[in-house]
Amino acid sequence: MKSKLSTAVCVIMATAVLLGTSASAADSKIVIDGSTTVGPIAKAFAEYYMSQHPECNITVSESGSGNGAKSLINGVCDVADMSRFMKDKEFKAAVEGGIMPVAHVVAMDGLPIIVHPSNPVRNLTVEQVHDIYAGKITNWNQVGGPDKKIVKISRDTNSGTYETFYKLVMKKDKISGDTEYVGSNGAVRQRVQTTPAAIGYAGLGFVDRTVKALTVNAVQPSRQTVSSGLYPIARPLYMFTNGYPKLGTPLHAFVTLHLTREGQEIIESIGYVPVTNYRTDATSRIPE
Amino acid sequence: MLNKRASRLRRLVALGGHGVLLTITASSALAVLFIFYFIARDAFPFFQLRGFQEFFLGIEWYPSADNPSFGALPIFVGTGLVTLGAAAVAVPLGVAAAICLSDILPFGVRQFVKPVIEMLAAIPSVAFGFFALVVFAPLMQEHGGRILMITWWCIALPPAGIAVFIAAEVMASRLFNENSQNLGRTICAATLGGVAVTALVFVGLRFNAMEVSSGTNALNVAIILGFMALPTIISVSEDSLQAVGRELREGAYALGATRAETLLRVVIPAALSGLCAAVILGIMRAIGETMVVWMASGNASQIPSPWFNLLEPVRTLTATIAGDMGEADHVTGSARYHVLFAMALALLTIAFICNLVSERVIAKSVKMQRG
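All of these numbers come straight from a predicted model, not from anything done at the bench.

Chemist: How do you make sense of the overall build of chain B when you look at a structure like this?
Modeler: Helix and strand content of chain B: twelve helices and two strands. N-terminal to C-terminal, the α/β element order of chain B is α-α-β-β-α-α-α-α-α-α-α-α-α-α. Its C-alpha atoms give chain B a radius of gyration of 27 Å, more than 25% over the compact-globule value 21 Å for 371 residues. For chain B, the spread of C-alpha atoms along the principal axes amounts to about 95 × 75 × 35 Å. The burial tally for chain B puts 33% of its 371 residues in the buried class. Considering only intrachain contacts with a sequence separation of at least 6, the fraction spanning at least 24 residues in chain B is 77%.

As structure tokens, this is what we get:
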């Protein structure tokens, strides 16, 4: 009886010791929160990084850029994913709380404006796209196309894609009520490729030969024009950390992953524009 | 002594059994109450924040704007429009099919056809939605005018024909004396028929010239939802037609009624409340459907102009709840989050009322059938 008890005690103690050591090994824990647009990159990076370093534990939540900033300021997360830069107020709150936000631009995001391949319109200005979605331009003949009512397709308001469009093109003006909303980038493409009078927008990675990407302000959307800033509906995607991470730490490796060839491939594979320019085969996915 | 103990034991077991059964029954009833309670609890903060007027009368739906507005009137109109359209498709088809199944088709055919129709209910709604989006919407965009014209002819020709005959009869008896009545009737029928056909062709051509700019519109989902509601309507109506029983039918035949007279004068009136219940259940199915409308109704929060224009994209309550849930921030308890519960409460209330009405109607029909 007594020996049994002591064995049990031993087992419990051993477990505790084991747990203790494993806890110290899992010290390299990275908590990520923020934008739903940057989220896919963070998730793919986390998956890749954890497959290389199984002892590292990374959690990624997507609660929106604003909440990401809030978490970083409150010290609840290590990395804040943001699809916009920090606002003045957020910066001030961070610095006052002893947090020094440092921005890492991990990728670029561009939104091609797409129409049906049969549509003769080749170019629109940002103002024209704005007026179309605001309901001021309602017929294709007002922008040099056929006499057809424009069918406007938009992403649902949940998406980061919508947010980008809403900020960069609509300048936060209201999108008119007769705009159709669909639930995914693929659905936007599907609707546009089957609707002759449609106009839509989707991530760079979703544009293929079944739809026609318009030039905006006479600039063709492509990797080059997006990363160089020529294409007007594009923006950098950020990860914010508190100060520059200490060199050699997992956090440092994580926020510099986008500078490696593997990081570039991951970013390309989920349809964003990388900031680096290694030669890979994946470039064929993105239209020239 | 032993006997007494055994009987007490039996009573205890019976009591326990009753208790268990009562708990099970009560828990399903409680689940409904809980759903009501929790939805209402999260819906009321919205009305506290924004009041009633904007929600029920406002026409601007911009929940995500910096300066948000929550006018849900277009969404209510969209729900109503889609539901009415679905009812217009499903009710005539469903009731006709049920009559055909119960009284016209031979027994062997019915045994085969009914399971096939019920299979329609087994198709997942996302498959319907996919069909609506990928097949039906492009079809409507390409051949919308022609489809509308053919539908118009199918719907308008039979009533127009009947109306012409009746009107010709009436006119002939007024305008001509008894001797030339036959000739007069022919002349009247020809003139009226000519006028009617011209009108039909004119309207038909107008339909043919119509362009459907967007295939994901209220008509698309109304038709698809109509087909989704069909199995419910057919099943319940067929059951209620069957419940009328042989005696009434045979009685009618014995009195010398033809099959058409038996059906129209005896069977359908006797089963009328059952048919009503079937229609209400079918409509509820259409109101509550989410996936199809989210995929294929266009989700544009506008009141079509004019309001009955089924060719414009609309947004429904269910699709809004499903589509906006992701971003609505429940931590801060914003109006954006609670407005979805307000919508759910509205939907629940509609469903509740429909359910009560159909219960009433079914109860009435049972009473009537018992005499």
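Chemist: Please clarify how the nonpolar core should be interpreted in this entry.
Modeler: Generally speaking, soluble globular proteins have nonpolar side chains that are buried together. Of all hydrophobic cores here, the largest spans 70 residues; its most connected members are Ile41(A), Ala107(A), Ile113(A), Ile114(A) and Leu237(A). Ranked by residues supplied to this core, first place goes to strand S12 (residues 234-242) of chain A with five residues. If you look at the next biggest cluster of nonpolar residues, it comprises 54 residues, including Met140(B), Leu219(B), Ala277(B) and Ile280(B).

Chemist: Would you mind showing me how to read the packing of helix H7 (residues 218-243) of chain B against helix H9 (residues 259-288) of chain B here?
Modeler: A pair of packed helices is characterised by two quantities: the angle between their axes and the separation of those axes. Residue and element names in this part refer to chain B. Remark: H7 packs on H9, axes separated minimally by 8 Å, with the N-to-C direction vectors making an angle of 155 degrees. Put simply, H7 runs roughly antiparallel to H9. Relative to H9, the crossing made by H7 is right-handed. For the pair H7 and H9, contact is made by Leu-225, Met-228, Ala-229, Thr-232, Ile-233, Val-236, Ser-237, Ser-240, Leu-241 and Ala-243 and by Val-267, Ala-271, Gly-274, Leu-275, Ala-277, Ala-278, Val-279, Leu-281, Gly-282, Arg-285 and Ala-286, respectively. Here the contact of H7 with H9 is composed, by residue class, of 15 nonpolar, five polar and one charged.

Chemist: Is there a simple way to think about the sheet that holds strand S2 (residues 57-60) of chain A in this case?
Modeler: Either a parallel or an antiparallel arrangement is found when strands of a sheet pair, and the pairing is made through backbone hydrogen bonds. Residues and elements named next belong to chain A. The six strands are arranged S2-S1-S3-S12-S4-S13 in an open sheet whose pairing can be described as mixed. Each edge of the open sheet is held by one strand with a lone partner, namely S2 and strand S13 (273-274). In this structure, strand S1 (residues 29-34) lies alongside S2, joined through four bridges in parallel fashion. Within S2, the residue paired with Ile-32 across the bridge is Val-60. Packed onto the sheet, helix H3 (residues 65-73) meets S1, strand S3 (79-82), strand S4 (101-110) and S12 and runs at close to 160 degrees relative to S3.

Chemist: How should the packing of helix H2 (residues 39-52) of chain A against helix H10 (residues 261-269) of chain A be read in this particular structure?
Modeler: All names here are of chain A. In the contact formed by H2 and H10, the axes pass within 10 Å of each other and the chain directions differ by 135 degrees. As far as their axial angle goes, H10 and H2 are oblique. Classified by chirality, the crossing of H10 by H2 is right-handed. When H2 is examined against H10, the residues Ile-41, Ala-44, Phe-45 and Tyr-48 are found in contact with a partner set consisting of Glu-262, Ile-266 and Ile-267. Within the contact of H2 with H10, the residues separate by chemical class into six nonpolar, no polar and one charged.

Chemist: Honestly, the confidence of the model for chain A in this entry has me stumped. Any pointers?
Modeler: In low-pLDDT regions, the fine details of the predicted coordinates are not to be read closely. Residue and element names in this part refer to chain A. Within chain A, residue pLDDT values average 83, and 88% of them lie at 70 or more. Considering only residues more than four positions removed or in separate chains, one finds that residues 13-26, a stretch of pLDDT under 50, has three contacts. In this model residues 282-288 is a low-confidence stretch, pLDDT under 50, and it forms 13 contacts with partners more than four residues away in sequence or in other chains.

Chemist: Quick question: what am I supposed to make of the sheet that holds strand S10 (residues 212-213) of chain A here?
Modeler: Residue and element names in this part refer to chain A. Ordered in space as S8-S7-S9-S5-S10, the five strands form an open sheet in which the pairing is mixed. Each edge of the sheet is formed by a strand with only one pairing partner; in this case those strands are strand S8 (180-182) and S10. Relative to strand S9 (residues 198-201), strand S7 (residues 151-155) is paired through two bridges, and the arrangement is parallel. Considered in S9, the bridge of Val-151 is made with Ala-198. Against the sheet, helix H7 (residues 185-194) makes contact with strand S5 (113-115), S7, S8 and S9, and its axis sits at roughly 160 degrees relative to S9, the strand it touches most.

Scoring rules and cut-offs
- Residues numbered from 1 in each chain as written.
- Chains lettered and ligands numbered in written order.
- Predicted model: local features only at pLDDT ≥ 70, side-chain atom pairs only at ≥ 80, totals over all residues.
- Helix = DSSP H or I, 4+ residues; strand = E, 2+ residues; numbered from the N terminus.
- Rg over C-alpha atoms; globule rule 2.2 N^0.38 Å.
- Buried ≥ 20, exposed ≤ 12 C-beta atoms within 10 Å, placed from the backbone.
- Contact = placed C-beta atoms within 7 Å.
- Core = buried A, V, L, I, M, F, W, Y, C linked by C-beta atoms within 7 Å.
- Axes fitted to C-alpha atoms, helices over the stretch in contact; angles between N-to-C directions.
- Parallel < 35°, antiparallel > 145°, perpendicular 65-115°, else oblique.
- Left-handed = near helix turned anticlockwise from the far one by under 90°.
- Nonpolar A, V, L, I, M, F, W, Y, C, P; charged D, E, K, R; others polar.
- Pairing = 2+ DSSP bridges.
- pLDDT = per-residue confidence, 0-100.

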